[in-house]
Amino acid sequence: MDRITAGSGRVTEDVDSVSRTVMPLGEGDEHLLDHDLSHTEIPDGLLALKELDVMYQEDTQTLWTYMRPEGRPSFTRTMLSDFENWQKLISQGFGPDKVPLKYLVLGSRAPGVFCFGGDLTLFQNLIRERDREGLEHYGHRCCEILHNNMNTLDIPMLTIGLVEGAALGGGWEALMSFDYIVAERDATFGLPEIMFGLFPGMGAHAFLSRKLGSAMADRLIVSNETYSAEQMYELGLVHHLAEKGEGLNVCRDFIKKSDRRHAGLVNARRAMKLSWDLQLDELNRITELWADAALQLSERDLKVMCRLASAQKRLANAA
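Residues numbered from 1 in each chain as written. Predicted model: local features only at pLDDT ≥ 70, side-chain atom pairs only at ≥ 80, totals over all residues. Heavy atoms only, no water.

J.: Looking at this model, I keep getting lost on the sheet that holds strand E5 (residues 62-67). Mind explaining?
T.: Whether parallel or antiparallel, the strands of a sheet pair through hydrogen bonds between backbone atoms. Strand order in the open sheet made by the six strands is E4-E5-E6-E8-E10-E13, with mixed pairing throughout. Since the sheet does not close on itself, it has two edges, and those belong to strand E4 (52-57) and strand E13 (240-242), each with one partner. Shown here is a sheet whose adjacent strand axes are inclined to one another by a mean of 20°, direction ignored. Sheet topology note: the strand E10 (residues 180-184)/E13 ladder contains three bridges and is parallel. Residue pairing across strands places Glu184 opposite Ala242, the latter belonging to E13. Sheet contacts for helix H9 (residues 262-276): strand E6 (103-108), strand E8 (158-163) and E10; angle to E8, the most-contacted strand, approximately 85°. (Pairing = 2+ DSSP bridges. Helix = DSSP H or I, 4+ residues; strand = E, 2+ residues; numbered from the N terminus. Axes fitted to C-alpha atoms, helices over the stretch in contact; angles between N-to-C directions. Contact = heavy atoms within 4.5 Å.)

This is the structure:
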């Protein structure tokens, strides 16, 4: 029988009297225990991230990552710092001639929420302080993370977004940079920025216009509607649907079925991105326009933003 003990930021698994060092397991990660998770060359820094849980599954060469936000599930400065370090450490430690990596999966531990997107509380403060540089800097950080993810950190791997809940605003924008999206049927998607006089400034226009065309992209961006996972599947933005509670299993099944054609899938995605010709400069210029627009918001708009942030916080706390 497997024995799991925690200590010194790592977990030791004793199977048939053979001790191995593995990535830490969080609550609900028992599904990984039937696999060999060991690899001694994984960068130690991945164990020290504040709001990201990281696990490496050696038999499928998959790096599983779960957002574990403190407070409202959003892209705070702390979360952005974790993602920047996460990408740097993956680039340093994984890939050809390093720790093998075929799949990179991102999910969330926040019940019922993938991510609510941008840090609305921070935005309100920066807008009231007329701090355009702060808004622009935040946006540029988001854009660089998404652009790196779109290009799979220059590693021949597939990236998968696992959605078990609401993906709103920047949370949905982040998902657009993934190669594949697996979503449970009760997951929801939306871009609520228009309700307080703004627009999604970290990727929605660039990605949606390439994936769906500019007319459909504009419809989604300005509609202020919430869309179901099935609607997103019909549009081709979600690639695999799962029943509630089955997202993880569908993700694992996709990985298993994709293994024999992995090289073909990787290069097909690379070819698609070549046709997009989406450069970081384009994302940055859009986010700079977003920063200018943010400074034009009225006090009434900021109150709507505040109410939305409060509602999302209550929802997260209740979950």
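Resuming the write-up.
J.: I'm lost on the packing of helix H2 (residues 120-128) against helix H3 (residues 132-150) in this one. Help?
T.: A pair of packed helices can be characterised by two numbers: the angle between their axes and the separation between those axes. In contact at an axis separation of 8 Å, H2 and H3 are set at 145° when each is read in the N-to-C sense. Contact with H2, carried on its side by Leu122, Phe123, Leu126 and Ile127, involves Gly134, Leu135 and Tyr138 of H3 and no other residues of that element. Considering only residue class, the contact of H2 with H3 consists of six nonpolar, one polar and no charged. (Nonpolar A, V, L, I, M, F, W, Y, C, P; charged D, E, K, R; others polar.)

J.: Sorry if this is basic, but what is going on with the nonpolar core here?
T.: Nonpolar side chains tend toward joint burial in soluble globular proteins. Ranked by internal contacts, the top residues of the largest apolar core, which has 80 residues, are Trp86, Phe94 and Phe189. Residue contributions to this core peak at seven residues, all from H3. Contacts of Phe94, omitting those with residues within four sequence positions, involve Ile42, Pro43, Leu46, Tyr56, Leu63, Leu89, Val99, Pro100, Leu101 and Ile155. By size, the runner-up hydrophobic cluster in this structure holds 16 residues, among which are Tyr103, Val105, Tyr180 and Phe254. (Core = buried A, V, L, I, M, F, W, Y, C linked by side-chain atoms within 4.5 Å. Buried < 20%, exposed > 50% of the residue type's maximum accessible area, 1.4 Å probe, protein only.)

J.: How should empty space enclosed by the protein be read in this particular structure?
T.: Any space left empty among the atoms is revealed by the rolling of a water-sized probe across them. Counted according to the given criterion, the structure contains one cavity of 30 Å³ or more. Counted as a void, the largest cavity has a volume near 330 Å³. Lining the largest cavity we find 34 residues, and of these Phe75, Gly117, Gly118, Gly170 and Glu173 sit closest to its centre. Broken down by secondary-structure element, the contributors of at least two residues to the lining of the largest cavity are helix H1 (77-93), H2, H3, helix H4 (170-175) and helix H11 (299-318). Looking at the lining of the largest cavity, the element that brings in the most residues is H3, giving five residues. (1 Å grid on protein atoms, 1.4 Å probe; cavity = no way out; pocket = protein on both sides within 12 Å on 5 of 7 lines; lining within 4 Å. Points joined across faces, edges and corners; volume = space filled by probe spheres on them.)

J.: Before we go on, may I ask you to explain the side chain of Glu173 in this structure?
T.: Summarising the element assignment, Glu173 is placed in helix H4. One buried charge, Glu173, has no salt-bridge partner; the nearest side chain with opposite charge is Arg72, at 11 Å. Discounting residues that sit within four places of it in the chain, Glu173 has contacts with Leu146, Leu191, Pro200, Gly201, Met202, Gly203 and Ala204. (Lys, Arg positive; Asp, Glu negative; His and termini not counted. Salt bridge = Lys/Arg side-chain N within 4 Å of Asp/Glu carboxyl O.)

J.: I'm lost on the confidence of the model for the protein in this one. Help?
T.: Low pLDDT marks regions whose predicted coordinates should not be analysed in detail. Residue-level pLDDT values for the protein average 88, and 87% of them are 70 or greater. Note that residues 1-27 has pLDDT below 50 and, in this model, 58 contacts with residues that lie over four places away or in other chains. Predicted confidence for residues 30-38 stays below pLDDT 50, and this span has 30 contacts to residues more than four positions away or in other chains. (pLDDT = per-residue confidence, 0-100.)

J.: What am I meant to see in the side chain of Thr152 here?
T.: Mapped onto the secondary structure, Thr152 falls in the loop between H3 and E8. Assessed through its relative accessible area of 6%, Thr152 is described here as buried. Those residues in contact with Thr152 that sit more than four places away from it in its chain are Met157, Thr159, Asp179 and Lys273.

J.: Just to check I follow, could you spell out the packing of H3 against helix H10 (residues 280-294) for this structure?
T.: Relative orientation of the contacting elements H3 and H10 amounts to 150°, with a least axis distance of 9 Å. Considering their axes alone, H3 and H10 lie roughly antiparallel with respect to each other. Helix-helix and strand crossings are classified by hand; for H3 and H10 the assignment is right-handed. Taking contact as the criterion, the partners of Arg132, Leu135, Glu136, Gly139, His140, Cys143, Glu144 and His147 in H3 are, on H10, Leu280, Leu283, Asn284, Thr287, Glu288, Trp290, Ala291, Asp292 and Ala294. When its residues are assigned to classes, the contact of H3 with H10 shows seven nonpolar, five polar and five charged. (Parallel < 35°, antiparallel > 145°, perpendicular 65-115°, else oblique. Left-handed = near helix turned anticlockwise from the far one by under 90°.)

J.: What am I meant to see in the pairing of E10 here?
T.: Within a regular strand, the side chains alternate between the two sheet faces. With five of its five residues buried, E10 lies for the most part within the structure. Going residue by residue along E10, you find Tyr180, Val182 and Glu184 tucked away on one face and Ile181 and Ala183 tucked away on the opposite face as well.

J.: How should the sheet that holds strand E7 (residues 113-115) be read in this particular structure?
T.: Strand order in this open sheet of four strands is E7-E9-E11-E12, and the pairing throughout is mixed. Where the open sheet ends on each side, the last strands, each with one partner, are E7 and strand E12 (226-228). Averaged over neighbouring strand pairs, the angle between their axes works out to 25° when direction is ignored. As paired elements, E7 and strand E9 (residues 166-168) share two bridges and run parallel to each other. The partner of Val113 across the bridge, within E9, is Ala166.

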